[in-house]
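# Remarks on the overall topology
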Amino acid sequence: MINAQKALSRFGPRATAIGLALLTLIPVVVVASAMLNPDQAIWDHLWRYVLPELLVNTFWLALGVGVGVTVLGTGLAWLTAACEFPGRAFFAWALLLPLALPAYVTAFVWIGLLDFTGVLPTWLRATWGIGALPIRSRGGVILVMVLALYPYVYLTASTAFQGQGRRLLEAAQTLGVSRWRAFFKIALPMARPGIVAGLSLALMETLADFGTVAVFNYNTFTTAIYKAWFSMFSLPAASQLATILVFFVLALVTLEQLSRNRRSYATSARGSGGAQRIRLRGTAATLATLCAALVFLLAFMVPMVQLLLWASHIVATDLDARYLAFAGHSLLLAALGAALVVSLALALGYAQRLYPTPAMQLTARLATIGYALPGAVLAVGFYVPVAALDNLLIDAWRSWTGQEIGQIFGGTLAVMLLAYCARFLAVGFGPVESGLARITRTMDEAAQVLGSTGLKRLSRVHLPLLRAPLLAAAALAFVDILKELPITLMTRPLGWDTLATRVFEMTAESEWERAAMPAVAICLVGLLPIFLLVKHSDART
Amino acid sequence: MLALNHVAQSYGAKPVLSDVSFALAPGEIGCLLGPSGCGKTTALRLIAGFEQLSAGEIRIGGEAVATTSTAPAYQLSPEQRRVGLVFQDYALFPHLSVEKNVAFGLHALSATERRLRVAEMLALVGLSHEAHAHPHQLSGGQQQRVALARALAPKPRLLLLDEPFSNLDVELREKLSLEVRDILKHEAITALLVTHDQHEAFAMADIVGVMNHGVIQQWDTPYKLYHQPANRFVADFIGQGVLLPGVVISTHQVEIELGVLEGNVDGDCGEAGGCAQCEQGCPVDVLIRPDDIIHDDASPLLAEVERKAFRGADFLYTLKLPGGGHVLAQVDSHHNHAIGEKIGIRLGIDHVVAFHK
């Protein structure tokens with residue numbers, strides 16, 4: 001009995017870790033195998049008519065968004081972390097709020113506002129005779145994506161700037177370097193790993209994005225995969241497009257891993273509190289406040305207010321029983337997915353803690369690599385083997401009983417949940433891993449000397465200390481699944497609409513008001529983990 | 001109460017401890033003292049049960065808790081050994097109040113008994129008014145005391161302390177080490193302390209084992225470690241001093257530059273066989289402590305002040321002897337001499353510590 005228990009606790013976490021790593025690798029292998037024996041006819045077609053546009057579009061999008069989020073994120077982070085200006089304390093956390101708005105929501109609000117029939121252009125035409133604003137353009141997509149994604153860089157850069165402590169900047173000053181020069185000579189280079197980490201996250205989101213580019217009719221790999229899937233019903237074409245996308249993603253992952261390895265810049269010296277802030281005066285202070293306010297307005301306030309206005313116009317006529325179904329489906333998926341993600345993350349965390357070997361480190365990295373894989377790729381990568389398995393079972397059943405049956409796994413929640421787990425495991429694993437790291441080995445030993453081991457130690461020491469990280473992990477995974485679009489769109493059971501797919505369908509028909517109502521629900525729920533994040537970082541400083 | 005018999009431990013091929021043996025009587029406070037990497041922490045973790053020994057036997061309260069003399073080797077798990085352990089980083093549970101931290105190891109008691117024991121422990125360490133505080137709200141010294149109270153609450157047979165004061169500043173360290181000693185003595189607790197700080201060891205322990213390279217070099221009282229070091233390592237590691245070359249004249253006389261030292265030479269030689277093996281004319285190094293050199297204006301023997309360090313109650317002078325050798329001298333603080341000045345000294349040695357060259 002004790003041996004069995006021991007064997008289980010020995011083998012359980014490790015088996016889970018390896019299983020998870022394999023799970024994440026399935027779509028990569030499936031998609032990559034499409035590249036091993038490509039269909040020449042499809043390949044020729046793609047190469048001639050599709051790829052040139054996709055490559056050019058993706059290049060400009062990545063470049064524009066990359067430069068935009070780096071400048072905006074780093075600049076705002078430095079302003080709020082190192083300077084003092086009117087409204088600084090408010091903007092320090094308010095500038096994180098755009099994280100609550102999915103990019104595809106920000107996108108349709110701005111299109112609705114600035115399109116030919118929008119409020120602002122109509123007024124401009126009537127008053128000044130100015131034609132339509134070119135919002136549905138490459139510049140327009142880039143602008144909206146920068147507004148939606150700059151918080152990633154803002155967050156990591158702020159953390160980096162705050163972690164630098166005052167000692168190094170003071171040392172620079174005693175060496176005759178002014179505060180402003182010290183920013184470029186010391187603060188910025190030291191924060192670089194953090195900035196690069198945030199940038200690579202933002203770029204991964206850009207490559208993975210489906211909803212935003214779809215609203216803009218801006219063709220990228222994700223929209224092409226979707227079209228190949230639904231319009232051409234060509235799995236091989238979808239797979240081959242996915243392979244190329246994965247190639248770009250892997251380049252980004254490498255970049256991010258490199259920055260991760262160099263993240264040990266932050267000084268953890270005790271008593272080295274935050275640096276004294278530079279007090280901005282006069283024009284500089286006004287400019288700083290205006291900059292922060294402008295970004296906050298464009299990225300959060302205007303979209304949010306407009307959404308609420310639209311939703312309020314229509315709530316009386318459009319809110320009916322169907323919405324209960326959308327919301328119910330969304331909640332069910334998000335809750336199931338979050339529970340699954342958190343339990344798997346916990347198992348993975350313990351596997352890593354119990355077996356701190358390089359092999360286990362690698363397994364954990366592989367198992368959490370899914371956050372980099374675009375949802376469209378995961379959808380294809382999981383659908384193909386599941387469909388193959390279904391066909392196998394159907395054939396077997398037919399040859400055995402002579403009867404026809406429908407698909408068994410395809411088009412069920414199981415495929416969606418599998419794909420969600422692969423994509424969002426990293427989101428849950430982050431908090432769990434750092435939570436476990438805070439439980440020192442000596443705490444374990446102290447509990448043991450005092451007579452608490454095994455499950456007793458787990459319930460008396462570990463679980464109470466892990467409550468907050470587990471909650472954070474669940475909240476983050478919940479909101480991410482709620483917002484998720486391509487996986488849900490491509491693998492949901494027939495007619496199974498969620499809030500996110502409803503937003504997508506209404507936007508496709510330019511029904512802004514009807515898209516606004518489910519969008520408001522998603523955004524309001526999305527605010528919860530942001531407040532958690534803000535509260536957490538307040539508690540830290 | 002605690003006995004280690006021929007204990008050895010190795011990580012792979014690398015030996016960490018070899019043939020470590022010592023014993024503590026009930027109520028005695030022992031200390032393992034040595035530079036970092038000497039194996040003292042490993043010894044402590046072996047006694048607590050967190051490491052497995054490669055050879056030998058550990059007994060606590062007469063009971064063998066780990067031994068390799070049986071097959072398979074026997075190893076009692078840490079939670080069953082009834083030892084208390086105060087960690088270097090205290091390892092207080094951050095989610096529990098002081099009171100609950102102290103109560104953590106009290107399983108068998110009823111709620112009332114538990115409350116009483118916790119109150120008693122907190123009173124003992126002087127933290128009754130902080131019972132509801134959380135660890136992060138306490139100062140380093142207070143956290144230290146909570147860690148001590150938590151370790152003592154279940155009435156362990158033996159208390160182990162791992163570098164218990166190394167995270168505190170110097171003044172607090174001195175004050176707290178005396179306080180902890182008083183508490184342990186008052187409660188008649190057998191304890192073993194591990195440290196690299198000689199002052200801490202001398203302030204706390206009745207008996208000290210100086211360790212180097214996984215071997216106990218000398219297991220003795222602080223007084224004997226200082227005055228009769230068993231070998232060069234102990235002589236060098238404990239206290240200050242210099243080695244001056246000398247020549248054995250007889251079994252109780254050694255001649256050095258400063259004159260002839262009279263003392264029981266053979267007993268004090270740490271080398272194999274001792275100085276009884278020494279023939280006349282055998283070259284040796286003689287240990288001269290700063291307090292062996294007495295400043296005496298009347299003495300004809302003059303030495304030049306080369307460096308001086310004012311330490312409040314006294315000066316520590318580095319003196320150059322006429323023959324070129326150097327000695328340290330501890331001199332009352334009102335004898336303020338300038339660098340370069342020649343001052344009179346004489347020897348005040350009642351026993352000779354000499355090592356073979």
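Residues numbered from 1 in each chain as written. Chains lettered and ligands numbered in written order. Predicted model: local features only at pLDDT ≥ 70, side-chain atom pairs only at ≥ 80, totals over all residues.

## Observations regarding the packing of helix 16 (residues 413-438) of chain A against helix 18 (residues 454-483) of chain A
Residue and element names in this part refer to chain A. The criterion, for reference: Orientation is described by lines fitted to C-alpha atoms, with helices fitted over the stretch in contact, and by angles between N-to-C directions that extend from 0 to 180 degrees. We count a stretch as a helix when DSSP gives it H or I for four or more residues in a row; a strand needs E for two or more, and each element gets its number in order from the N terminus. Our angle categories are set so that under 35 degrees counts as roughly parallel, over 145 as roughly antiparallel, 65 to 115 as roughly perpendicular, and the remainder as oblique. Each helix crossing is assigned a hand: it is left-handed if the near helix lies turned anticlockwise from the far helix by less than a right angle, otherwise right-handed if that turn is clockwise. Residues are scored as being in contact if the C-beta atoms we place from backbone atoms lie within 7 Å. Note on residue classes: Ala, Val, Leu, Ile, Met, Phe, Trp, Tyr, Cys and Pro are nonpolar, Asp, Glu, Lys and Arg are charged, and everything else, Gly too, is polar.
Direction vectors running N to C along helix 16 and helix 18 enclose 160°, while the axes themselves pass 9 Å from each other. What the angle tells us is that helix 16 and helix 18 run roughly antiparallel. Crossing of helix 16 over helix 18 shows right-handed handedness. Facing helix 16, whose interface residues are Tyr 420, Phe 424, Val 427, Gly 428, Pro 431, Val 432, Ser 434, Gly 435 and Arg 438, helix 18 presents Leu 465, Leu 466, Pro 469, Leu 470, Ala 472, Ala 473, Leu 476, Ala 477, Asp 480 and Ile 481. Split into classes, the residues belonging to the contact of helix 16 with helix 18 amount to 14 nonpolar, 3 polar and 2 charged.

## Section: the interface of chain A and chain B
If you look at the interface, chain A gives 13 residues, while chain B gives 17 residues. A per-element tally of the side of chain A that touches chain B places helix 17 (residues 441-449) of chain A first, with 6 residues. The class makeup of the residues in the side of chain A that touches chain B is 7 nonpolar, 5 polar and 1 charged.

## Digging into the confidence of the model for chain A
Inclusion rule: pLDDT expresses, on a scale from 0 to 100, how confident the predictor is about each individual residue.
Mean pLDDT over chain A: 83, with 89% of residues reaching 70 or higher. Here residues 264-274 of chain A is modelled with pLDDT under 50, and outside its nearest four sequence neighbours on either side it reaches 20 contacts, counting other chains as well.

## Some details on the pairing of strand 7 (residues 83-86) of chain B
Along any regular strand the residues' side chains alternate between the sheet's two faces. Residues and elements named next belong to chain B. Convention followed: Note on burial: count the other C-beta atoms lying within 10 Å of the residue's C-beta; 20 or more is buried, 12 or fewer is exposed, in between is partly exposed, and C-beta positions come from the backbone. Note on pairing: two strands pair once DSSP finds at least 2 bridges between them.
Of the two faces of strand 7, the one holding Val 83 and Leu 85 and the one holding Gly 84 and Val 86 are both buried throughout. Here 4 bridges tie strand 7 to strand 8 (residues 158-162), and the two strands are oriented parallel to one another. Bridging across to strand 8, Val 86 finds its partner in Leu 161.

## Looking at helix 20 (residues 499-508) of chain A
For helix 20 of chain A, the buried fraction is high: 7 of the 10 residues fall into the buried class. Every buried residue of helix 20 of chain A is listed here: Leu499(A), Ala500(A), Arg502(A), Val503(A), Phe504(A), Met506(A) and Thr507(A).

## Description of the confidence of the model for chain B
Overall, the prediction assigns chain B a mean pLDDT of 88, with 95% of residues at 70 or greater. ipTM for the predicted complex: 0.74, alongside a pTM of 0.75.

## Side note on the sheet that holds strand 11 (residues 215-220) of chain B
All names here are of chain B. On the basis of which strands lie adjacent, the open sheet formed by 6 strands has the order 7-8-9-3-10-11 and mixed pairing. Whereas interior strands pair on both sides, the edge strands pair on one side only; in this sheet they are strand 7 and strand 11. Going across the sheet, the axis of each strand differs from the next one's by a mean of 20°, ignoring polarity. Bridging between strand 3 (residues 29-33) and strand 9 (residues 191-195) involves 5 bridges; their strand directions are parallel. Paired with Gly 30 across the bridge in strand 9 is Leu 192. This element, helix 4 (residues 140-152), spans strand 7 and strand 8 of the sheet and lies at about 170° to strand 7.

## Quick notes on the domain arrangement of chain A
All names here are of chain A. Put simply, the rule reads: The start and end points of each domain follow an automatic or database-based domain assignment.
Examined at the domain level, chain A breaks down into domain 1 (31-316) and domain 2 (339-496). A separation of 27 Å is found between the C-alpha centroids of domain 1 and domain 2. Listing elements by their share of the side of domain 1 that touches domain 2, those giving two or more residues are helix 8 (179-208), helix 10 (221-230) and helix 11 (235-261). It is helix 11 that contributes the most residues to the side of domain 1 that touches domain 2, 9 residues altogether. The residue inventory of the side of domain 1 that touches domain 2, partitioned by class, reads 18 nonpolar, 3 polar and no charged.

## Details of the environment of Ala153(B)
Residues and elements named next belong to chain B. Among the secondary structure elements, Ala 153 is positioned in the loop between helix 4 and strand 8. Given 24 C-beta atoms within a 10 Å radius, Ala 153 is considered buried. Along the sequence, Ala 153 and Ala 103 sit 50 residues apart, while their C-alpha atoms lie 7.3 Å from each other. Discounting residues that sit within four places of it in the chain, Ala 153 has contacts with Val 102, Gly 105, Leu 106, Arg 117, Val 118 and Met 121.

## Focus on the domain arrangement of chain B
For chain B, the domain assignment lists domain 1 (2-232) and domain 2 (241-356). Taken over C-alpha atoms, the centre of domain 1 of chain B sits 38 Å from the centre of domain 2 of chain B.

## Description of the sheet that holds strand 14 (residues 259-262) of chain B
Residues and elements named next belong to chain B. Read from one edge of the open sheet, 5 strands run 14-13-12-15-21, paired in antiparallel fashion. In the strand order of this sheet, the two ends are held by strand 14 and strand 21 (354-356), each with one partner. The mean angle between the axes of side-by-side strands here comes to 40°, regardless of whether they run parallel or antiparallel. Direction of pairing for strand 12 (residues 242-250) relative to strand 13 (residues 253-256): antiparallel, over a ladder of 4 bridges.

## Comments concerning the nonpolar core
Test applied: Under the definition applied here, buried Ala, Val, Leu, Ile, Met, Phe, Trp, Tyr and Cys residues are grouped into a nonpolar core through C-beta atoms within 7 Å.
Ile225(A), Leu425(A) and Ala477(A) are the most contacted members of the largest nonpolar core, which totals 160 residues. At 16 residues, the largest contribution of residues to this core is made by helix 6 (residues 138-163) of chain A. The two domains that each donate at least three residues to this core are domain 1 (31-316) and domain 2 (339-496) of chain A. If sequence neighbours within four positions are ignored, Ala477(A) has contacts with Gly337(A), Ala338(A), Val341(A), Val342(A), Phe424(A), Val427(A) and Gly428(A). Judged by nonpolar contacts, the second largest core, of 102 residues, contains Leu450(A), Val461(A), Val146(B) and Ile189(B).

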